[in-house]
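Letter by letter, the chains look like this.
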Amino acid sequence: MEGLRNKWRWMVTLAWLVAAASVIASVWIGFQFGTYQAVELNSQFQNETVTKLNMAVIMGCVVQSAASVLLGVMFTVLNDIYMNSVDIYLQNQMAIRNKT
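Scope of this entry: the structure provided in the associated data block. (Residues numbered from 1 in each chain as written. Predicted model: local features only at pLDDT ≥ 70, side-chain atom pairs only at ≥ 80, totals over all residues. Heavy atoms only, no water.)

1. A closer look at the overall build of the chain
- For the chain, the count of helices and strands is 3 helices and 2 strands.
- Shown N-terminal to C-terminal, the secondary structure of the chain runs as helices and strands in the order α-α-β-β-α.
- Whereas a compact globule of 100 residues would reach a radius of gyration of roughly 13 Å, the chain reaches 25 Å, over 25% beyond that.
- Its C-alpha atoms put the chain at 95 × 20 × 10 Å along the principal axes.
- Relative to its full complement of 100 residues, the chain shows a buried share of 16%.
- The contacts in the chain between residues at least 6 apart in sequence include a share of 55% that link residues at least 24 apart.
- Roughly 7,700 Å² of accessible area belongs to the chain as shown, and the carbon and sulfur atoms make up 68% of that amount.
- Each charge sign in the chain was given a centre, from 6 positive and 5 negative side chains, and these centres are 21 Å apart. (Helix = DSSP H or I, 4+ residues; strand = E, 2+ residues; numbered from the N terminus. Rg over C-alpha atoms; globule rule 2.2 N^0.38 Å. Buried < 20%, exposed > 50% of the residue type's maximum accessible area, 1.4 Å probe, protein only. Contact = heavy atoms within 4.5 Å. Areas by Shrake-Rupley, 256 points an atom, 1.4 Å probe, with all protein chains shown as cover. Lys, Arg positive; Asp, Glu negative; His and termini not counted. Charge placed at Lys NZ, Arg CZ, Asp CG, Glu CD.)

2. Observations concerning the side chain of Asn-42
- Mapped onto the secondary structure, Asn-42 falls in the loop between β1 (35-41) and β2 (47-53).
- In this structure the side chain of Asn-42 is engaged in a polar contact, spanning 3.1 Å, whose partner is the backbone nitrogen of Gln-44. (Polar contact = N/O pair within 3.5 Å; in protein donor to acceptor, adjacent residues only side chain to side chain.)

3. So, helix α2 (residues 9-33)
- For α2, which comprises 25 residues, the first-to-last C-alpha distance of 36 Å matches the rise-based estimate of 36 Å (1.5 Å per residue) to within 8%.
- Every buried residue of α2 is listed here: Val-12, Ala-15, Ala-19, Ser-22, Ser-26 and Gly-30.
- The inward-facing, buried residues of α2 contact α3 (55-99). (Expected span 1.5 Å × (residues − 1).)

Now the structure itself:
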C-alpha cells in the first residue's frame, strides 16, 4: 500500500519545479523591464536622462513569485493531508482485520 501513499508525490515535485521556473522568470523580467529612462530638468534647467524604477513591473514580478511559491506550498499541504488520510485508512483496516 506504499504506492497508494506516494501516489501524488510527482505532482508536488512538478508544482515546485513550476514554482522555481516562475521565480526565475520573474527575476529575469524584473531585471529586463524593471527600469526605464526619463528626461528631467536638473538644477541648471538642462535636460538630463535619469533611470527610474518601473514599479508596476517590479510589483507584478513580486506578486507572480509569491503566487508561484504559494502554489507549491498548497500542493505540498494537500499531499500531506492525502498521505495522512491514507495512513488513517490503513490503520483502520488493520484494526478491523485484527479484531476479527
